[in-house]
Amino acid sequence: MACSEPRRPGFALPAVLAVTGVVTIVFLVAITALSSLQAEAASARSRVRFLQRAMTAEATLAYMLSTEPFRTNAVLTGAPRNANDIAGPSMADPVVSGLPTAEVRLDGRPYLMDLQGPLTVSIQDASGLINLARTAEPVHRRLAARLGLPPATAQTVYPLYLDYIDPDDLRTLNGAERRDYGVAGGPADRPMLRPSEWLAMKGVRDGVDPRRWNAVRQALVIEPAMTAFNVNTAPAAALEVMFDIGPAQAQAAIRRRETTPFQSLEEFLQTVGSTYVDDPERLYVFPGGRIVYEIRDGRSAWTWRGMIVLTPGGLVQPLWIKQTELMEAPRRAAADTTNATRFPYAPH
């Protein structure tokens, strides 16, 4: 009589469970990958849609800035252009066109555009910002102190800056060249390209308070070819650092220029009670022909930034667009359009 070998109890069930577990894990991984791909595709579609709208807004700004006349703190749309609208204040009597005019301020305030959805557009005269490429040593030191750097580091910021941008390997007093950076890299040995590069100098990034940097970042610019500074468009942070004044003095200047723009540096200094002048030869009360813009989406966290450089005497192009930058800050909400003034301009 043949006897069958007894089956081992409990063998089939663990095997089935193991196979089921593997299949489940594979299935979950596939679902997660598919979900990630869907999220990336949605982000890509959102980015493309935003870029289309942002570049339309950018083209509108470029057309306006190249065809409408400038004033001390604004673009005056609908008014006739004078020959020296970019070079400085006109001494001639203004010409009346009879057309309706509107001011578009150049002090970074938000304007609302509706281009297949809400956008906020901020335009800032670059000559109203702290130009790190053209400021003197005291300005660099005050900026360092404002950002929370220790006094010893703040005192050496300017020598560090000079060694960072010069092409040689000769260390200045209190400066730093490549051998001093160690594994951290070294100076670029060329002019800085963006304000955030200021943090790359030796010992600066570790000492800066990130919250203070975020608060002052919008008041910084890098533009070696620009020498002017405009007190009629500068934000409070730029006025405080450039002229060594306090918040109350800066706000007094901003309140005054809202109704009566400054016509001279002396008027500004009398208003704020300061005697500090970085360079008496600089033009302090008129836009410098370089405009920084920021376009934010009212539906997502996408932001488009850049600079429009006006070159009315150029034979090839009347303007240039440069330093463009697309950013998305997932933790930042969409642009707040509730307090934005509707953009008072449309190309004609």
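Owing to the predicted nature of the structure, the values given are computational and were not obtained by experimental measurement.

Enquirer: Looking at this model, I keep getting lost on the overall build of the protein chain. Mind explaining?
Expert: Regarding its fold elements, the protein chain presents 9 helices and 10 strands. Each of the 348 residues in the protein chain was classed as buried or not, and the buried ones make up 42%. The long-range share in the protein chain, meaning contacts at least 24 apart out of those at least 6 apart in sequence, stands at 62%. Summed over all atoms, the accessible surface of the protein chain reaches about 18,800 Å², with 59% contributed by carbon and sulfur.

Enquirer: What am I meant to see in helix 2 (residues 137-146) here?
Expert: Restricting attention to buried positions, one finds in helix 2 the residues Val139, His140, Arg142, Leu143 and Ala144. Taken together, the buried residues of helix 2 touch strand 5 (130-131), helix 3 (151-165), helix 6 (210-216), strand 6 (220-221) and helix 7 (236-243). Backbone geometry just after helix 2 places Gly148 at a positive phi near 90°.

Enquirer: Sorry if this is basic, but what is going on with the sheet that holds strand 7 (residues 290-297) here?
Expert: Strand pairing within a sheet occurs via backbone hydrogen bonds; the two strands may be parallel or antiparallel. Pairing is mixed in the open sheet, where 6 strands are placed in the order 9-8-7-4-3-10. If you trace the sheet from one side to the other, it starts and ends with strand 9 (319-328) and strand 10 (341-342), each paired once. Note that strand 3 (residues 107-114) and strand 10 share 2 bridges and pair parallel. What sits directly across from Tyr111, in strand 10, is Thr341.

Enquirer: Honestly, helix 3 in this entry has me stumped. Any pointers?
Expert: Counting along an α-helix, one turn takes 3.6 residues, and residues three or four places apart therefore face a common direction. Between its terminal C-alpha atoms helix 3 stretches 22 Å, which fits the 21 Å expected from 15 residues at 1.5 Å a residue. Of the positions making up helix 3, those classed as buried are Thr153, Ala154, Thr156, Val157, Tyr158, Pro159, Leu160, Tyr161, Asp163 and Tyr164. At its buried positions, helix 3 is contacted by helix 2 and helix 4 (178-181).

Enquirer: Explain the nonpolar core to me, please; I cannot follow it from the model alone.
Expert: Of all hydrophobic cores here, the largest spans 48 residues; its most connected members are Trp198, Met201, Phe229, Val231, Leu239, Phe243 and Phe268. Of all the secondary-structure elements, those providing two or more residues to this core are helix 2, helix 3, helix 6, helix 7, helix 8 (247-259) and helix 9 (265-272). Broken down by element, the residue count for this core peaks at 7 residues, all from helix 7. One finds Leu51, Leu65, Tyr111 and Ile291 within the second-largest nonpolar core, a separate group that totals 28 residues.

Enquirer: Help me understand the pattern of salt bridges in this model?
Expert: Between side chains of opposite charge, a pair can form when the charged atoms approach closely. Under the definition given, this model contains 18 salt bridges. The salt bridge involving Asp189 is made with Arg178; its shortest N-O contact spans 3.6 Å. With Asp189 in the loop between helix 4 and helix 5 (204-207) and Arg178 in helix 4, the pair connects residues that are 11 residues apart, well separated along the chain. The exposure class of Asp189 is partly exposed, given its relative accessible area of 24%. Assessed through its relative accessible area of 42%, Arg178 is described here as partly exposed.

Enquirer: Can you walk me through the packing of aromatic side chains in this structure?
Expert: The geometry of an aromatic ring pair comes down to the distance between the two centres and the angle between the two planes. Per the counting criterion, the structure on display carries 8 aromatic pairs. Ring centres of Tyr158 and Tyr161 lie 6.2 Å apart, and the angle between their planes is 25°; this geometry places the pair in the stacked category. With a gap of 3 residues between them, Tyr158 and Tyr161 both fall in helix 3, about one helical turn apart. Linked through ring pairs, Phe229, Phe243, Phe262, Phe268 and Tyr284 together constitute an aromatic cluster.

Enquirer: Just to check I follow, could you spell out a nonpolar patch on the surface for this structure?
Expert: The grouping of Phe27, Leu28 and Ile31 at the surface amounts to a nonpolar patch, some 310 Å² of accessible area in total. By secondary structure assignment, the location of Ile31 is in helix 1 (residues 12-67). Looking at Ile31, the relative accessible area reads 41%, which means it is partly exposed.

Enquirer: Just checking my understanding: could you explain the packing of helix 2 against helix 3 for this structure?
Expert: The packing of two helices is summarised by the inter-axis angle and the distance between the axes. Viewed as axis vectors pointing N to C, helix 2 and helix 3 meet at an angle of 125°, and their least axial separation amounts to 8 Å. As the angle between them shows, helix 2 and helix 3 are arranged oblique. Crossing handedness for the pair helix 2 and helix 3: right-handed. Taking contact as the criterion, the partners of Glu137, His140, Arg141, Ala144 and Ala145 in helix 2 are, on helix 3, Ala154, Gln155, Val157, Tyr158, Pro159 and Tyr161.

Enquirer: Help me understand the pairing of strand 1 (residues 74-77) in this model?
Expert: Here strand 1 shows a buried face lined by Ala74 and Leu76 and a second buried face lined by Val75 and Thr77. As judged from the 4 bridges shared by strand 1 and strand 2 (residues 102-105), these two strands associate in the antiparallel manner. Across the sheet, Leu76 pairs through a bridge with Glu103, a residue of strand 2.

The rules behind each value
- Residues numbered from 1 in each chain as written.
- Predicted model: local features only at pLDDT ≥ 70, side-chain atom pairs only at ≥ 80, totals over all residues.
- Heavy atoms only, no water.
- Helix = DSSP H or I, 4+ residues; strand = E, 2+ residues; numbered from the N terminus.
- Buried < 20%, exposed > 50% of the residue type's maximum accessible area, 1.4 Å probe, protein only.
- Contact = heavy atoms within 4.5 Å.
- Areas by Shrake-Rupley, 256 points an atom, 1.4 Å probe, with all protein chains shown as cover.
- Pairing = 2+ DSSP bridges.
- Expected span 1.5 Å × (residues − 1).
- Core = buried A, V, L, I, M, F, W, Y, C linked by side-chain atoms within 4.5 Å.
- Salt bridge = Lys/Arg side-chain N within 4 Å of Asp/Glu carboxyl O.
- Phe/Tyr/Trp six-rings, centres within 6.5 Å; stacked < 30°, edge-to-face > 60°.
- Patch = residues over 30% accessible without salt bridge, like charges linked within 9 Å, V, L, I, M, F, W, Y side chains within 5 Å.
- Axes fitted to C-alpha atoms, helices over the stretch in contact; angles between N-to-C directions.
- Parallel < 35°, antiparallel > 145°, perpendicular 65-115°, else oblique.
- Left-handed = near helix turned anticlockwise from the far one by under 90°.

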